[in-house]
Amino acid sequence: MLFNHIKTAFRSLIKQKSFTFINIIGLAIGLAGCLLILQFVAFETSYEDFHEQGDDIFRVTYSKEKDGVESFHTVLSYVGVGPALKENFPEVLDYARLRPVATLNASTVITVGDQTFEETRVYYADPSYLQMFSFKLLQGNPETALDRQFTAVITESTAKRYYGNENPLGKSFRRGRNQEYVVTGVIEDTPLNAHLKFDFLLSHETLSAVSRNYSPTNMTSFHGHLYIQTLPGTTAEGLSAKFPQFVDDFIWSVQNQPEGTELFLYPMPLKDIHLKSNIQHEAEVNGDESTVTYLTIIAGMILLIAWVNYINLSTARAAQRAREVGVRKVLGSLKGQLIWQFMVESAIMNFLAVLVALGIVMISQSLFVQFGAAEMLSIKPWRSGRFWQVVSALWVFGTLFSGIYPALTLSSYKPLSVLRGNFYGNKRGIILRKALVIFQFTASVALLIGTAVVFLQISHMRNKDLGINIDHAIALRAPVLADSTYDSRIRNFKTEMKRNPLVTNVVAASDVPGREVNGATWFRRVNQTREEGIFCVQSRADHDFLEAMEVKLLAGRNFSPEDRGQSIFINEEACKQFGFSSPEEAVNKEITFAGGDGSNRMTIVGVLDNYHQLSPKVEHTPQITRYDPFVRRYYMVKFNTGSDPGRTVSQVLDLAEGTFKSLFPGNPFSYFFIDEEFEKQYETDQQFGDMFGVFSLLAIFVACLGLLGLASFTAELRIKEIGVRKVLGASVSSVLWLLSSSFLKLIGLAVLIAAPLGYLLMGSWLQNFEYHISVSWYYYIYAILLTGVIALLTVGYHSLKAATDNPTRSLRYE
């Protein structure tokens, strides 16, 4: 019986080639779009899944509030918090601290023999880190690899880069000038779906030998990342309820904080970090939970639209298949057998669509490069059992969802009425088809509105005046290895670079636009109490900063080479929060550290306009820039592009490299373009925008494919009516309107529903941005016009064909 159903189904599908083609292509594109999105979503939600004890690990973060307003929230914690939590919380089984060797975004120098490397992913780690987390140690003992000073575990790729095919165990390398480490372990490379990636793990015990300020019980200075492993079943809510008392007993008691200040520790589940954490000092740019949510919704919409197409087209063919059903029933077919027949057709159609979809998915992997998710190329989804489970589930569910209603409808026809020719389209079926068309285009128009809003918001951020000129600027990493002659060498470096007419300026600075400012603390005016202090980020720069970066000076003067380190700029936001009535009032006033005795004073020599150190996605924060002509972090080189930008950049880089290596021998030369670095902040939003746009257009294409099929069947069913109308004198335009109006009315209704829906959804998304556009009426006009044009072209083809056809063809047998 099953074989007979399959054979009959194939005959039916082959007989109706256009119907079969439209359905398979529509279903395949819908499935492929859904699978591509789900591949991305699965990767984003898989972070830290490979850790066996991942459900019981939390990262402890630190926050400070003043008068109920959060001043900062950082992933860094104090060195003594971990041991104290383990000692005082019975549910805390162990802790692991991970401290970056270099400060935020900075690097360290590793030397092996006569080779020198610049490394950024280097951390001091407790021995427990290797046991708490499920990173595979390829060589060495995880229990002892980091239990002694000056020992190190390196990744497999690092071992090959440094030692080739030699056994790295027992080999040594030098960090900085004089720290010699022995390799005691080789670990597999950090998986792509880990929120923190490393190349070197150095023994945490080494800190007691190399850091003068290190204390294992310190509760006042930020140290690094802290992870705790808890008893199974421990929740973040349970830990959070106990943390305030811990803060009072162990942190607040040893810190001298102003009145109105509150300190908080927050436990974040390890698996939530990538999508739910975007605070200061993250190891890398994390994902966005809202992006994953919106893309999942789009995936569902595309799939539903594809399935709805099948339902619409199947029920639209009811009149053509009604006589077939009548004959089958007269010959003895039962309703259940007919249902099985139509469900088998649905299963075959969905199966063929799945095969085509899998081909589309395989050849579309390069799309992830366009979406800024190139790491996805290394993941082959078809090698995963979970992928095939999802594909199988979509096939089964698609067969049932898209096939059950047409099967029940077609199998319920009464043979006597059908064979007498008294069959007319079921009124409920017509209403359902109209409702489904409205659903398809409501979703499509809402997605089009969303695409417009996302595109314009990203353009708004990228084109917004940053208040600082980052064009034609290269950032060089300052030398890590330096001696007592550094001050004169940096002066010589700037002098030599400026002699070249291509170079307009050189700035020594602690921070560059596009990266978090590393320093931050509390400041107050000298005549204020410590309780009135404000939290400011603090950077350092020399006297060329203002001119080179073209930051607007609102009041005061520029830095001068005669200034000392106590001369500072403040930005306009800091000026307001310090309580100055105007920038002019702030000039020459003194500020000091809020918690100090007031002896360490700094003089405000200028007030700067608020410029965007980070993306316009975040609000302006109070910022202080201290004068420091010998700051050793970055050198920002500004240059003219000339008539040949590519050649100019190459010449400037050659000049910078030659000058740098001659003045700072033994240091690796490293650089990046500041505008490109700033652009990285938009990667997540740009990725979301690209995916949103592509898959929204895909959804509209699938919807229009279904509309094309419906228009074709409508024209076919009314071909004799059209012939009679034309014989009686109907014009082409009136026939066109007759065939198209019903569809256009449905699309108009869909627009009316989609407009407020799109407004609500995108208004919610825009709240993630501090500086955002307003959802304007012309976004709806764009969506309505585009949808109308596409739908008109789709319906118009078959309508025009039917309207211009010779009526004698349809009436020759009448």
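For the structure, check the block above.
This one's a predicted model, so the numbers in the text were calculated from it and none came from an experiment.

(A) Inspection of the overall build of the protein at higher detail. Scanning the protein from terminus to terminus reveals 26 helices and 25 strands. Expressed as a percentage of the 814 residues in the protein, the buried residues total 53%. When contacts within the protein are restricted to residue pairs at least 6 apart in sequence, those whose partners lie at least 24 apart make up 81%. Put simply, the protein shows about 36,400 Å² of open surface, and 55% of that area lies on carbon and sulfur atoms.

(B) Structural context of the nonpolar core. One finds F545 and W765 to be the most contacted residues of the largest nonpolar core, which totals 104 residues. Top contributing element to this core by residue count: helix α2 (residues 17-44), with 14 residues. The residues contacting F545, other than those within four sequence positions of it, are I468, V507, E550, V551, L608, Y611 and M636. F72, Y95, M219 and A236 belong to the second-largest nonpolar core, a separate cluster that totals 25 residues.

(C) Molecular detail of the environment of E619. In this fold, E619 is placed in the loop between β22 (601-608) and β23 (623-627). Considered as a pair, E619 and Y771 are 152 residues apart in the sequence and their alpha carbons are 7.6 Å apart. In this structure, E619 is in contact with E770 and Y771, ignoring residues within four places of it in sequence.

(D) Local environment of the packing of helix α16 (residues 486-498) against helix α20 (residues 645-663). Two elements in contact, α16 and α20, have axes whose closest approach is 10 Å; the angle formed by their N-to-C orientations is 155°. The pairing of α16 with α20 is recorded here as roughly antiparallel in orientation. Between α16 and α20 lies a crossing of right-handed hand. Residue-level contacts link R489, N492, F493, E496 and M497 of α16 to L655, A656, T659, F660 and L663 of α20. Looking at the contact of α16 with α20 residue by residue, the class counts come to 6 nonpolar, 2 polar and 2 charged.

(E) Quick look at the packing of helix α3 (residues 81-88) against helix α7 (residues 236-251). As a packed pair, α3 and α7 sit with axes 12 Å apart at the nearest point and diverge in direction by 120°. For the element pair α3 / α7, the angle class is oblique. Every pair of crossing elements has a handedness; the one defined by α3 and α7 is right-handed. In this structure, α3 uses V81, A84, L85 and N88 to contact α7, whose residues at the interface are F243, F246, F250 and I251. Partitioned by chemical class, the residues of the contact of α3 with α7 number 7 nonpolar, 1 polar and no charged.

(F) A nonpolar patch on the surface, seen in detail. Taken together, the side chains of F351, L355, W395, V396 and L400 make up a nonpolar region of the molecular surface, amounting to roughly 450 Å² of accessible area. Of all the secondary-structure elements, those providing two or more residues to the nonpolar patch are α11 (335-363) and α13 (385-411). Counting through the fold element by element, L400 comes out in helix α13. The exposure class of L400 is partly exposed, given its relative accessible area of 47%.

(G) Local environment of the packing of aromatic side chains. By the definition in use, this model includes 44 aromatic pairs. A ring pair is formed by Y486 and F664, whose centres lie 6.1 Å apart and whose planes are at 35°; its orientation type is tilted. Placement of the pair is Y486 in helix α16 and F664 in the loop between α20 and β25 (671-673), with a sequence separation of 178 residues. By the burial criterion, Y486 is buried, and F664 matches it. An aromatic cluster is present here, built from Y486, F493, Y635, F660, F664, F669, Y671 and F673 joined pairwise through their rings. Lying over the aromatic face of F769, K617 brings its terminal NZ or CZ to 5.0 Å of the ring centre.

(H) Fine view of α2. Helix length check: α2, at 28 residues, gives a terminal C-alpha distance of 40 Å against a target of 40 Å (1.5 Å per residue), a fit within 8%. Counting buried positions along α2 gives 22 out of 28 residues, so the element sits mostly inside the fold.

(I) The arrangement of α3 in detail. Where α3 is concerned, the buried positions are V81, G82, A84 and L85. Here the buried residues of α3 occupy an arc of 165° about the axis, which is enough to place them on one side. Taken together, the buried residues of α3 touch β1 (57-66), β3 (77-78), β4 (92-100), β13 (222-230), α7 and β14 (261-269).

(J) Representation of the pattern of salt bridges. Scanning the model with the defined rule gives 27 salt bridges in all. Ionic pairing is found between D147 and R148, a salt bridge with its closest N-O pair at 3.9 Å. For R148, a relative accessible area of 49% translates into the label partly exposed. Where R633 meets D511, a salt bridge forms, and the shortest distance between an N and an O atom there is 3.5 Å. Of this pair, R633 sits in the loop between β23 and β24 (634-639) while D511 is found in the loop between β16 (503-509) and β17 (519-525), placing the two residues 122 residues apart along the sequence.

(K) Examining the environment of S215 more closely. Within the fold, S215 resides in the loop between α6 (207-210) and β13. Residue S215 is classed as partly exposed on the basis of its relative accessible area of 25%. Along the chain, S215 and G80 lie 135 residues apart, while their C-alpha atoms are 8.0 Å from each other.

(L) Focus on empty space enclosed by the protein. If you walk through the whole model with that rule in mind, you get 7 cavities of 30 Å³ or more. In this structure, the largest cavity encloses a volume near 110 Å³. Looking at the lining of the largest cavity, the elements that each hand over two or more residues are α9 (289-316), α15 (427-463) and α24 (732-766). Here the element with the most residues in the lining of the largest cavity is α9; it accounts for 4 residues. Considering only residue class, the lining of the largest cavity consists of 9 nonpolar, 1 polar and no charged.

Analysis parameters
- Residues numbered from 1 in each chain as written.
- Predicted model: local features only at pLDDT ≥ 70, side-chain atom pairs only at ≥ 80, totals over all residues.
- Heavy atoms only, no water.
- Helix = DSSP H or I, 4+ residues; strand = E, 2+ residues; numbered from the N terminus.
- Buried < 20%, exposed > 50% of the residue type's maximum accessible area, 1.4 Å probe, protein only.
- Contact = heavy atoms within 4.5 Å.
- Areas by Shrake-Rupley, 256 points an atom, 1.4 Å probe, with all protein chains shown as cover.
- Core = buried A, V, L, I, M, F, W, Y, C linked by side-chain atoms within 4.5 Å.
- Axes fitted to C-alpha atoms, helices over the stretch in contact; angles between N-to-C directions.
- Parallel < 35°, antiparallel > 145°, perpendicular 65-115°, else oblique.
- Left-handed = near helix turned anticlockwise from the far one by under 90°.
- Nonpolar A, V, L, I, M, F, W, Y, C, P; charged D, E, K, R; others polar.
- Patch = residues over 30% accessible without salt bridge, like charges linked within 9 Å, V, L, I, M, F, W, Y side chains within 5 Å.
- Salt bridge = Lys/Arg side-chain N within 4 Å of Asp/Glu carboxyl O.
- Phe/Tyr/Trp six-rings, centres within 6.5 Å; stacked < 30°, edge-to-face > 60°.
- Lys NZ or Arg CZ within 6 Å of the ring centre and 35° of its normal.
- Expected span 1.5 Å × (residues − 1).
- Arc of directions from axis to C-beta.
- 1 Å grid on protein atoms, 1.4 Å probe; cavity = no way out; pocket = protein on both sides within 12 Å on 5 of 7 lines; lining within 4 Å.
- Points joined across faces, edges and corners; volume = space filled by probe spheres on them.

Function-wise, these values are silent; they only describe arrangement.
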